Amino acid sequence: PIDIPRDAKQAAGQRDAMAKSIYGQIFLWLIVEVNKTLYHGDGNSHIGLLDIFGFEVFDLNSFEQLCINFANEKLQFFFNMIIFKEEMDLYKSEGVPYESIKFKDNSECIDLIEGKTHSVLAMLDEEAHVPQGSDAKWVNKLHSKFSEGKMKSDYYDRNRRKPAFFVIHHFAKSVTYSSDNFMEKNKDELGEQIMRQMFDSNEQLLKNVFKDLKPKEGDGAGKKKGGKESLGAKFKADLAQLMRTLQATNPHFIRCVKANEEKVPSKFTAPMCLDQLKNAGLFEAIRIRKAGYMYRIDFLEFAKRYKYCVQRAPDMSLEPREICSYIIENVQAENPGKLNDEILAVGKTKMFLRNQAGKKILEDLRNRSLKKRILVLQSVFRMVLTKRRVWAEKWAEEERLEKERRAAEMERLMQEKGEACIVKIQAMVRAQTAKARFAKLVEENQERLKEMAEKARLAKLLEEEREKCNLAAARINGMYRRMKAKEVAYVLTNIRMLEVALDTCNEGLVL
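Taking 1.5 Å as the rise per residue, helix α13 (residues 320-334) with 15 residues should run 21 Å; its terminal C-alpha atoms sit 21 Å apart, in good agreement. Where α13 is concerned, the buried positions are Ile-323, Cys-324, Ile-327, Ile-328, Asn-330 and Val-331. Summarising the contacts, the buried residues of α13 are in contact with α12 (299-306), β5 (344-346), β6 (350-353) and α14 (356-510).

A few words now on the sheet that holds β5. Spatial ordering of the open sheet is given by β4-β6-β5, a layout of 3 strands whose pairing is antiparallel. Because the sheet does not close on itself, it has two edges, and the strands there are β4 (295-298) and β5. For this sheet, the mean inter-axis angle between neighbouring strands, taken without regard to orientation, is 20°. Of the strand pairs in this sheet, β4 and β6 are connected by 4 bridges, and their pairing is antiparallel. The residue of β6 that forms the bridge with Asp-298 is Lys-350. Helix α2 (residues 63-94) contacts β4, β5 and β6 of the sheet and is inclined by roughly 125° relative to β6. Across the face of the sheet, α14 comes into contact with β4, β5 and β6 while running at roughly 115° to β6.

Our next topic: the packing of aromatic side chains. Considering all chains together, one arrives at 16 aromatic pairs under this definition. Look at Tyr-156 and Phe-166: their rings are 6.1 Å apart centre to centre, the planes differ by 10°, and that puts the pair in the stacked class. Here Tyr-156 is found in strand β1 (residues 156-158), whereas its partner Phe-166 is found in strand β2 (residues 165-169), with 10 residues between them in sequence. Side by side, Tyr-156 and Phe-166 carry an identical accessibility label, which is buried. An aromatic cluster of three or more residues is present, and its members are Phe-63, Trp-138, Phe-146, Tyr-156, Phe-166, Tyr-177 and Phe-182. Above the face of the Tyr-295 ring, Lys-359 is positioned so that its terminal group lies 5.5 Å from the ring centre.

With that out of the way, let us pick up the sheet that holds strand β3 (residues 174-178). Strand order in the open sheet formed by 3 strands is β1-β2-β3, with antiparallel pairing between adjacent strands. Two strands close off the open sheet at either side, each with one partner strand: β1 and β3. Averaged over all pairs of adjacent strands, the angle between their axes in this sheet comes to 30°, without regard to strand direction. In this sheet, β2 lies alongside β1 in antiparallel orientation, the contact comprising 3 bridges. The residue of β2 that forms the bridge with Asp-157 is Val-167.

Let us now look at the packing of α2 against helix α4 (residues 120-129). Contact pair α2 / α4: the axes reach a minimum separation of 12 Å and the direction vectors enclose 140°. Of the residues in α4, those touching α2 at Phe-63, Leu-66 and Phe-70 are Val-120, Leu-121 and Leu-124. Its residues assigned to classes, the contact of α2 with α4 shows 6 nonpolar, no polar and no charged.

This part is about the pairing of β6. Two elements, β5 and β6, share 3 bridges in a ladder whose sense is antiparallel. Note that in β6 the partner of Val-346 across the bridge is Met-351. What sits between β5 and β6 in their antiparallel hairpin is a turn of 3 residues.

With that out of the way, let us pick up the packing of α12 against α14. Close contact between α12 and α14 brings their axes to 10 Å; oriented N to C, the two are set at 45°. Considering their axes alone, α12 and α14 lie oblique with respect to each other. Taking contact as the criterion, the partners of Phe-302, Arg-305 and Tyr-306 in α12 are, on α14, Lys-359, Leu-362, Glu-363 and Arg-366. Across the contact of α12 with α14, the residue classes break down as 3 nonpolar, no polar and 4 charged.

Before going further, it helps to spend a moment on the state of the cysteines. All told, the structure shown has 0 disulfides when counted by the stated rule. With no disulfide partner, Cys-109 has as its closest neighbouring cysteine sulfur the one in Cys-67, 14 Å distant. Judged by relative accessible area, which is 1%, Cys-109 ranks as buried. Cysteine Cys-324 is unpaired, with the sulfur of Cys-309 as its nearest cysteine sulfur at 11 Å. Assessed through its relative accessible area of 1%, Cys-324 is described here as buried.

With that settled, the discussion passes to the nonpolar core. Judged by nonpolar contacts, the single largest core of 30 residues is most densely connected at Trp-138, Leu-142, Phe-166, Ile-168 and Phe-182. Among the elements that make up this core, the one with the highest residue count is α2 (5 residues). Residues Phe-299, Tyr-306, Cys-309 and Met-351 belong to the second largest nonpolar core, which totals 20 residues.

Conventions adopted
- Residue numbering note: each chain is counted from 1, following its sequence as written.
- Two thresholds apply to this predicted model, a pLDDT of at least 70 for residue-level local features and 80 or more for giving and counting side-chain atom pairs, whereas whole-chain, interface and lining totals are computed over all residues.
- In computing side-chain properties, one takes all heavy atoms of the structure into account and sets aside hydrogens as well as water.
- Under the scheme used here, helices are H or I runs from DSSP no shorter than 4 residues and strands are E runs no shorter than 2 residues, and both carry numbers assigned from the N terminus.
- Here a helix's expected span is defined as the number of its residues, less one, multiplied by 1.5 Å.
- The classification of residues rests on relative accessible area computed with a 1.4 Å probe and restricted to protein chains. Under 20% of the type maximum is buried, over 50% is exposed, and intermediate values are partly exposed.
- Contacts were defined at the residue level, with two residues in contact if any of their heavy atoms lie within 4.5 Å.
- Any two strands with at least two DSSP bridges between them are considered paired.
- To obtain an axis, a line is fitted to C-alpha atoms, over the contacting stretch when the element is a helix, and the angle between two such axes runs from 0 to 180 degrees between their N-to-C directions.
- A pair of Phe, Tyr and Trp rings is counted when the ring centres sit within 6.5 Å of each other, with Trp represented by its six-membered ring. The angle between the planes then sorts it: under 30 degrees is stacked, over 60 is edge-to-face, the rest tilted.
- Charge over a ring is defined by NZ of Lys or CZ of Arg lying within 6 Å of the ring centre and within 35 degrees of the ring normal.
- We call Asp, Glu, Lys and Arg charged. Ala, Val, Leu, Ile, Met, Phe, Trp, Tyr, Cys and Pro are nonpolar, and the rest, Gly among them, are polar.
- Geometric relationships in this document are graded by angle, where less than 35 degrees denotes roughly parallel, more than 145 denotes roughly antiparallel, 65 to 115 denotes roughly perpendicular, and other angles denote oblique.
- We call a pair of cysteine sulfur atoms a disulfide whenever their separation is within 2.5 Å.
- In this description, a nonpolar core means a group of buried Ala, Val, Leu, Ile, Met, Phe, Trp, Tyr and Cys residues linked to one another through side-chain atoms lying within 4.5 Å.

Below is the structure:
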């Protein structure tokens, strides 16, 4: 083995190159295996899905970003051609003149990057074969070639304060690239020892993915100097093969837009979405549309919308194309010089307007006509409202007079019948009053009789009680007198006995 001394930077480059090579070979192997699984060759048609590179702009852009953005330029060119071809096919099928339609594509930017001899990648490969070639010499050549002189490009620019940087004006935006390590990254060379390790690896997957890179016997003898293909050349070849594949298919495009960085619902970051739309090339498609006929309207829709542009309305029972022709002829006759054939074209199924001015003419005529019709409708409507208001006021006045008449008639009838009714009412009131008074008197008399009967009964009871009391008192007096008589008799008896005893005592004392 031959030992090649390398510094830390070169060793790191070899390490990164090995990692990229392993990743790339495994990726290609995985695609082959997936295609083997999905495609069995049973039909002549197939569906392929292509995930397009995203346009990349970083603070520091290098060789990788140039390749990715170059791929975007190529795919955008293909997209523009598809859109432009569809536009041309539409104009041809509709019989619309299209020879004057011109569109400036991004082919000059693509040539600036991938031209055969005078381009960024071609000069990069050339610088790799020049003795003592370097990134600084290469970028100086770019500056002198494309920023001044006969081959000055509108898509190239330089920053005089930073000579090592160059600017390419891509379709999406201008990108500033740093020329550092462009040559090293473009070489894509792996050391012989590293390649031998891949070929003799114990990992069967590595041996399988690298077997196509293993040189065959005798290849070294007839190999030309500088025959190893650079990474830029490989990328160009792969991209060319992809473009040939795409051109042989019927492509359909799906544009995905991420609404916000946080990936949350109901949030729309406008600047971020605008950048994505620019990077996706949708504004290029709009520019293609604006280069031709911006507005295309179906005959029926055109007839319904712009039938008001003419003084005499068209017969809507006719064919839509005849109605549109009638409208255009009358508009051109009533407004000479405003709507000519350069602005408007009649197709087989659609009307074509080249720019905003033509549409504005029709819209102004339509608005003016509608304004007049609206004024007429407003006047009629105001007339109807006024009539309704007048009739309503008249009806209200008649109704008021009728109510007053009915009220007067009712008052008269009430006045005629009022007196009789009042007499009857007074008699009834007096009768009711007399009845109430009589009932009250009867009730009072009955109460008085009840009170008298009650008083008589109480008096009788009182008399009976008095007699009983007198009788009892007489009895009590008799008994009292008898008791008193007995007591007096008892006292007299005692007195007599005391007198006898006293007399006896006195007689004894005398003796």
